[in-house]
Amino acid sequence: MRADHEVRVEIPGVRPPITRTLTPEALESIWNSICFRPMPRPQHQVLERALTGPCAERDIVRHLAANPFFLLPFGSCELRISWANPDGDPA
C-alpha cells in the first residue's frame, strides 16, 4: 500500500496545490480546512466520511491506484487529490 507516500492536494481556483503525506491526520487537516465552506448537508456528510471515515485512507489509495486523481465536489468547488509523483515511484 502506498499510504506513506506523498499526495498533491488542490482546490482549483481557490487554493494552490500542496504536498502532504497521506495519513489520517493529513486527511483530518484537509477536512478541517474545508468543512466550514457552504455546501448542502448531504454533501457535507459524504465529504466528511470520505476524508475522516474509518476507511478514508485506504479508499483514497485504492482510488488512486486506478485513477489519476480522487475528486470530491463540495459547494461550488472541488477537492482534487493525486499522487505527488504520478510515475508511481516513491516521492
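In case you missed it, the structure is sitting above this.
So, here is what we can say about the structure in this document. (Residues numbered from 1 in each chain as written. Predicted model: local features only at pLDDT ≥ 70, side-chain atom pairs only at ≥ 80, totals over all residues. Heavy atoms only, no water.)

1. Brief notes about the pattern of salt bridges
The line we're drawing: Any Lys or Arg side-chain nitrogen located within 4 Å of an Asp or Glu carboxyl oxygen qualifies as a salt bridge.
The final tally for this structure, using the stated rule, is three salt bridges. Between Asp-59 and Arg-58 there is a salt bridge whose closest N-O contact spans 3.7 Å. Among the ionic pairs, Glu-78 bridges to Arg-80, the shortest N-O distance being 2.6 Å.

2. Description of the environment of Ala-26
Keep this limit in mind: Here a helix means four or more residues in a row that DSSP labels H or I, a strand means two or more in a row labelled E, and each is numbered from the N terminus. We call two residues contacting when some pair of their heavy atoms lies within 4.5 Å.
Secondary-structure assignment places Ala-26 in helix α1 (residues 24-34). Linking Ala-26 and Leu-51, residues 25 residues apart in sequence, is a C-alpha distance of 9.2 Å. Other than its neighbours up to four places away in sequence, Ala-26 contacts Arg-20 and Thr-21.

3. Focus: helix α3 (residues 56-66)
Rule in force here: Only protein chains enter the accessibility calculation, which uses a 1.4 Å probe; a residue is then buried when its area is under 20% of its type maximum, exposed when over 50%, and partly exposed in between. The directions from the helix axis to the C-beta atoms are what the arc is built from.
Taken as a whole, α3 has its buried residues at Ala-56, Ile-60, Val-61 and Leu-64. With its buried residues spanning 130° around the axis, α3 presents them on a single face. In α3, those exposed residues whose orientation departs by more than 90 degrees from the buried face are Arg-62, Ala-65 and Ala-66. Contact partners of the buried residues in α3: β1 (6-11), α1, α2 (41-52), β3 (70-74) and β4 (77-83).

4. Points about the sheet that holds β1
The following threshold applies: The pairing criterion for strands is at least two bridges between them, as found by DSSP. A fitted line through C-alpha atoms represents every axis, and for helices the fit uses only the stretch in contact; the resulting angles, taken between N-to-C directions, go from 0 to 180 degrees.
One open sheet holds the four strands; their spatial order is β2-β1-β4-β3, and the pairing between them is antiparallel. Each of the sheet's edge strands pairs with one partner strand only, and the pair in question is β2 (15-21) and β3. Direction aside, the axes of adjacent strands within the sheet are offset by 20° on average. Against the sheet, α1 contacts β1, β2, β3 and β4, and its axis sits at roughly 155° relative to β2. In the packing of α3 onto the sheet, contacts are made with β1, β3 and β4, and the angle to β4 comes to roughly 75°.

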